[in-house]
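Structural description and commentary
In case you want the letters, here they are:
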Amino acid sequence: MSAPPSTPARFSFRFGLPPSLGNALARERAELFTSFIERALSRKVEVSVASSYEALAKDLLAGRADAVWAPPFVCARVEAMGVRVLARGVRRGRSSYRSALVTRAGSGLTLEKLQGSRVAWVDRDSVAGYLLPVAYLKAKGQEPAKTFASQQFAGSYKAALEAVQSGAADMASIFCPPESTGLTYADGVEVVLPGKGGAFELIAYTEEAPNDGVPVGMSVAPELAGLLERALLGLHESDDGKRLLEEIFSAERFEPAPRMGYRALYRVALASL
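The sections below set out a description of the structure shown in this document. (Residues numbered from 1 in each chain as written. Predicted model: local features only at pLDDT ≥ 70, side-chain atom pairs only at ≥ 80, totals over all residues. Heavy atoms only, no water.)

**Let's talk about helix H4 (residues 127–139)**
Our working definition: Buried, partly exposed and exposed residues are distinguished by accessible area as a fraction of the type maximum, computed with a 1.4 Å probe on protein chains only: under 20%, between the cut-offs, and over 50%, respectively. Runs of H or I in DSSP of at least four residues are treated as helices and runs of E of at least two as strands, each being numbered from the N terminus. Side-chain atoms alone can form a polar contact between residues adjacent in sequence; in general such a contact is a pair of N or O atoms within 3.5 Å, and within protein one must be able to donate a hydrogen while the other accepts it.
Burial analysis of H4 places 11 of its 13 residues in the buried class, the great majority of the element. In this structure Ser126 caps H4, since a side-chain oxygen of it lies 2.9 Å from the backbone nitrogen of Gly129. The first or second residue beyond H4 is Gly141, which carries a positive phi of 85°.

**Regarding the layout of surface pockets**
Selection criterion: Only protein atoms enter the 1 Å grid used here, on which a cavity is any set of points holding a 1.4 Å probe that cannot leave and a pocket is any open set flanked by protein within 12 Å on both sides along at least five of seven lines; residues with an atom within 4 Å of a point are listed as lining. Grid points are joined across faces, edges and corners, and a volume is the space filled by probe spheres set on the points. When residues are grouped by polarity, Ala, Val, Leu, Ile, Met, Phe, Trp, Tyr, Cys and Pro land in nonpolar, Asp, Glu, Lys and Arg in charged, and all others, Gly among them, in polar.
A volume near 520 Å³ is recorded for the largest pocket. No other element matches helix H7 (residues 185–192), which puts 5 residues into the lining of the largest pocket. Residues of the lining of the largest pocket, tallied by class, amount to 12 nonpolar, 4 polar and 8 charged.

**Re H7**
Stated formally: Note on contacts: a residue pair qualifies if any of its non-hydrogen atoms lie within 4.5 Å across the two residues.
When you tally the buried positions in H7, you get 6 out of 8 residues, the bulk of the element. All of the buried residues along H7 are Tyr185, Ala186, Asp187, Gly188, Val189 and Val192. Each element contacted by the buried residues of H7 is listed here: strand E5 (96–104), helix H6 (157–166), strand E8 (171–176) and strand E9 (200–210).

**A closer look at the pattern of salt bridges**
Here is the rule: One side-chain nitrogen of Lys or Arg within 4 Å of one carboxyl oxygen of Asp or Glu is enough to make a salt bridge.
Under the defined criterion, the tally for this structure stands at 12 salt bridges. Notably, a salt bridge pairs Asp170 with Arg104, separated by 3.9 Å at the nearest N-O pair. Pair noted here: Asp170 is in the loop between H6 and E8 and Arg104 is in strand E5, with a separation of 66 residues, a long-range link. What you see here is one network of salt bridges that share partners, running through Arg104, Arg118 and Asp170.

**Brief notes about unusual backbone geometry**
Phi is positive for Ser250, close to 50°, though the residue is something other than glycine. With respect to the helices, strands and loops of the structure, Ser250 is situated in the loop between helix H9 (239–247) and strand E11 (253–256).

**Quick look at the packing of aromatic side chains**
What counts here: Stacked, edge-to-face and tilted are the three classes for Phe, Tyr and Trp ring pairs, Trp counted by its six-membered ring, which pair at centre distances within 6.5 Å; planes under 30 degrees apart are stacked, over 60 edge-to-face, the rest tilted. For a ring to carry a charge above it, either NZ of a lysine or CZ of an arginine must fall within 6 Å of the ring centroid while also lying within 35 degrees of the normal to the ring plane.
Going through the model one piece at a time under the given rule, you end up with 9 aromatic pairs. Ring geometry for Trp69 versus Phe249: centroids 4.7 Å apart, planes at 85°, classification edge-to-face. Pair noted here: Trp69 is in the loop between strand E3 (67–68) and helix H3 (72–79) and Phe249 is in the loop between H9 and E11, with a separation of 180 residues, a long-range link. By relative accessible area, which is 4% here, Trp69 ends up buried. For Phe249, a relative accessible area of 1% corresponds to the buried category. Among the aromatic residues, ring-to-ring pairing joins Phe15, Phe33, Trp69, Phe249 and Phe254 into one connected group. Of note, Arg98 hangs over the ring of Tyr205, and the distance from its end group to the ring centre comes to 3.7 Å.

**Details of the packing of helix H2 (residues 53–62) against H3**
The following threshold applies: All axes are obtained by fitting lines to C-alpha atoms, using only the stretch in contact for helices, and the reported angles, taken between N-to-C directions, cover 0 to 180 degrees. Note on terminology: angles under 35 degrees are roughly parallel, angles over 145 are roughly antiparallel, angles of 65 to 115 are roughly perpendicular, and the others are oblique. Should the near helix be turned anticlockwise from the far one by less than a right angle, the crossing is left-handed, and should it be turned clockwise, the crossing is right-handed.
Viewed as axis vectors pointing N to C, H2 and H3 meet at an angle of 30°, and their least axial separation amounts to 10 Å. In terms of orientation, H2 and H3 fall into the roughly parallel class. Taken as a pair, H2 and H3 cross one another with a handedness that is right-handed. Contact residues: H2 offers Tyr53, Glu54, Ala57, Leu60 and Leu61, while H3 offers Val74, Arg77 and Val78. Of the residues in the contact of H2 with H3, the class split is 6 nonpolar, no polar and 2 charged.

**Things to note about the sheet that holds E9**
Each strand in a sheet pairs with its neighbour through backbone hydrogen bonds, running either in the same direction (parallel) or in the opposite one (antiparallel). Test applied: One bridge is not enough; two strands pair if DSSP finds at least two bridges between them.
Pairing within the open sheet is mixed, and its 5 strands lie in the order E7-E6-E8-E5-E9. Among the strands making up the open sheet, the edge pair consists of strand E7 (150–153) and E9. Shown here is a sheet whose adjacent strand axes are inclined to one another by a mean of 25°, direction ignored. Bridge count for E5 against E9 is 8 bridges, and the pairing is antiparallel. Bridge assignment links Thr103 to a residue of E9, and that residue is Glu201.

Here it is in structure tokens:
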């Protein structure tokens, strides 16, 4: 009697992207990234877009994804559970960013006039799209649940800004470079809605947070994690890599992520509860 056939080991590598730039846009840009990582890892790569930040973290922790491009709070959450963050993005030469609370140009909305207004957040686990601005508002004595007439979660920065543009919301928040760069909220708007930087006005800036990172699942072999890390850190060395950095990661390069580099974000998360 012959032995039953063994189940072949899975040879694909699954990489998850967040929904922050919108599902359609992320899927459209994933093809080039898939080809690049397949060459680097010498195996088939499957790139998917998570339905939410929470789903992104759960996919990684459950082994449904081998690595993900994750916002800082997701990095902080999985890092605390033993997951290693391989690399983090660098933008404008900086490894941190801040959030800007914005409104429609000419609306007259200010921090002192937020009572009764409507806000469009990105996702409950989005640092610039929810956690940083909520922590900032609470520090200013404004409890969002009591301040806003309505709070919606749009799912992406694009959808949140478009809600403000259309009049469905009065305020949203957007990621933007740190103060030391001399750049403003309009730079973040332009990444998400090209040509629309002038359509919004600033309400306030928040404190800074570490940039997004790439955590890798605990079941991924160290050799494979090393190949992925080298591929990410070398992306800026080729034209295709530079295009990927700009279109998918909104970054100019990757740098090695310091161990437990996202711990400080738990304070922000607690302040936003």
